[in-house]
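# Residue-level structure breakdown
Below, each chain spelled out in residue letters.
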Amino acid sequence: MTGSIVEHRAARRVASVVALVAFATTAFVVTGGSAYATPPTPVTFAQPVVYGPANVGSVDLADVNVDSKLDAVAGGNVWLGNGSGGFGPAIHPSTAGDDNRIVDVNHDPFPDRAGIDSDADVVAVQLGDGTGQFGAVTQYSTGLAPIDLAVADVNGDLFTDLVTANLTGSVTVLLGSEAGTYSTQNFPTSRGPRSLAIGDVNGDTLPDIVVGGFVIQGIGWHTAVLLGDGIGSFGSSTIVSDQLPVHSLQLADLNADGALDVVASADIFYGG
């Protein structure tokens, strides 16, 4: 497990912000959907434009300086959008971790951000000032080796909550408050998750957590569900599939039957 954690912590730091992302070959698995009888029409894009520096982690988009133009945020960097598909040079507010999400923490008109720091085992939160800059970092502890972050209101109080997937076998729920601070609680998972999504998967209108992941090659493959109680707590982790090593997942109603389906990308290993 330790080697796997070190490997994936290092892998989080090899991305650049680009206007167009070309995805590497991977297997995509749809639970609850069906395959096309014929392939869909291919989609083409213009050549990508790369905005440095490299090693910035995942990207989120939001209007951080309140000028009605989308900006890009990643790692410790902000690229202000020009409204025509391009971005200005990077500005460098203090970092909020590896995996950034634009969130509303303190209920003012300015976007804030939250990110996970896998090395320090924390979620880092920064308040935005409406100019593209973010303030001092406030850290909240998570389980060991957080690797993915989701944003939702899991207890129905209309404040932004944060949830992390932790490689060592837990999820951390950070409940937001009117003051813009967070309280944390850890919930064990069946195996070490690498991705999570939040949605109502059992039709009771309450947010649930779906996690997926794998430990090492061929071991620990899983997709699991933790059912929510609507007030911020979650039940035991129940494995619903152990057929594929899930790298990332999303929830959506793909077949319009009113029930959420799971869409997952899976890392398939081949011996050599």
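Since we're looking at a predicted model, the values are computed, not measured.

Looking at the protein chain as a whole, its pLDDT mean stands at 82, while 78% of the residues score no less than 70. Here residues 10-33 is modelled with pLDDT under 50, and outside its nearest four sequence neighbours on either side it reaches 53 contacts, counting other chains as well.

Moving on, we come to the environment of T138. Within the secondary structure, T138 sits in strand 10 (residues 138-141). The class for T138 is partly exposed, based on a relative accessible area of 38%. Along the primary structure T138 and T181 are separated by 43 residues, whereas in three dimensions their C-alpha atoms are 8.9 Å apart. In this structure, T138 is in contact with V123, A124 and V125, ignoring residues within four places of it in sequence.

Looking now at the sheet that holds strand 10. The 4 strands are arranged 7-8-9-10 in an open sheet whose pairing can be described as antiparallel. Bordering the open sheet on either side are strand 7 (99-103) and strand 10, each of which pairs with just one other strand. The average angle at which neighbouring strand axes cross in this sheet is 25 degrees, direction not considered. With 4 bridges connecting them, strand 9 (residues 122-126) and strand 10 associate as antiparallel partners. Among the inter-strand pairings, V125 is bridged to a residue of strand 10, identified as T138.

Counted according to the given criterion, the structure contains 1 salt bridge. Two residues, D148 and R101, come together in a salt bridge whose shortest N-O distance is 3.6 Å. Residue D148 is located in strand 11 (residues 146-152), and its partner R101 is located in strand 7; the two are separated by 47 residues in the primary sequence. Exposure remark for R101: the relative accessible area of 21% places this residue in the partly exposed category.

Time to look at the packing of aromatic side chains. This model, assessed by the stated rule, comprises 3 aromatic pairs. Note on Y51 and F87: the rings are 5.5 Å apart at their centroids and 85 degrees apart in plane angle, and the pair reads as edge-to-face. Of this pair, Y51 sits in strand 3 (residues 50-54) while F87 sits in the loop between strand 6 (77-79) and strand 7, and the two are 36 residues apart along the sequence. On the basis of relative accessibility, which here comes to 15%, the residue Y51 falls in the buried class. A relative accessible area of 21% means that F87 is categorised as partly exposed. Its guanidinium or amino end placed over the ring of F134, R113 lies 4.7 Å from that ring's centre, counting from NZ or CZ.

Take the sheet that holds strand 5 (residues 71-74) next. Spatially, 4-5-6 is the arrangement adopted by the 3 strands of the open sheet, whose pairing is antiparallel. Here the strands that pair on one side only, and so sit at the sheet edges, are strand 4 (60-62) and strand 6. Between one strand axis and the next, the sheet turns by 25 degrees as a mean value, whatever way the strands run. By the bridge criterion, 3 bridges tie strand 4 to strand 5 in an arrangement that is antiparallel. Opposite D60, over in strand 5, you have V73 as the bridge partner.

A negative phi angle is the norm for most residues apart from glycine, just as the trans form is the norm for most peptide bonds. Even without glycine at this site, A145 takes up a positive phi of about 65 degrees. Unusually for a residue other than glycine, T205 sits at a positive phi of about 70 degrees. Looking at the element boundaries, T205 is found in the loop between strand 15 (195-199) and strand 16 (208-213).

Procedures and definitions
Residues numbered from 1 in each chain as written. Predicted model: local features only at pLDDT ≥ 70, side-chain atom pairs only at ≥ 80, totals over all residues. Heavy atoms only, no water. pLDDT = per-residue confidence, 0-100. Contact = heavy atoms within 4.5 Å. Helix = DSSP H or I, 4+ residues; strand = E, 2+ residues; numbered from the N terminus. Buried < 20%, exposed > 50% of the residue type's maximum accessible area, 1.4 Å probe, protein only. Pairing = 2+ DSSP bridges. Axes fitted to C-alpha atoms, helices over the stretch in contact; angles between N-to-C directions. Salt bridge = Lys/Arg side-chain N within 4 Å of Asp/Glu carboxyl O. Phe/Tyr/Trp six-rings, centres within 6.5 Å; stacked < 30°, edge-to-face > 60°. Lys NZ or Arg CZ within 6 Å of the ring centre and 35° of its normal.

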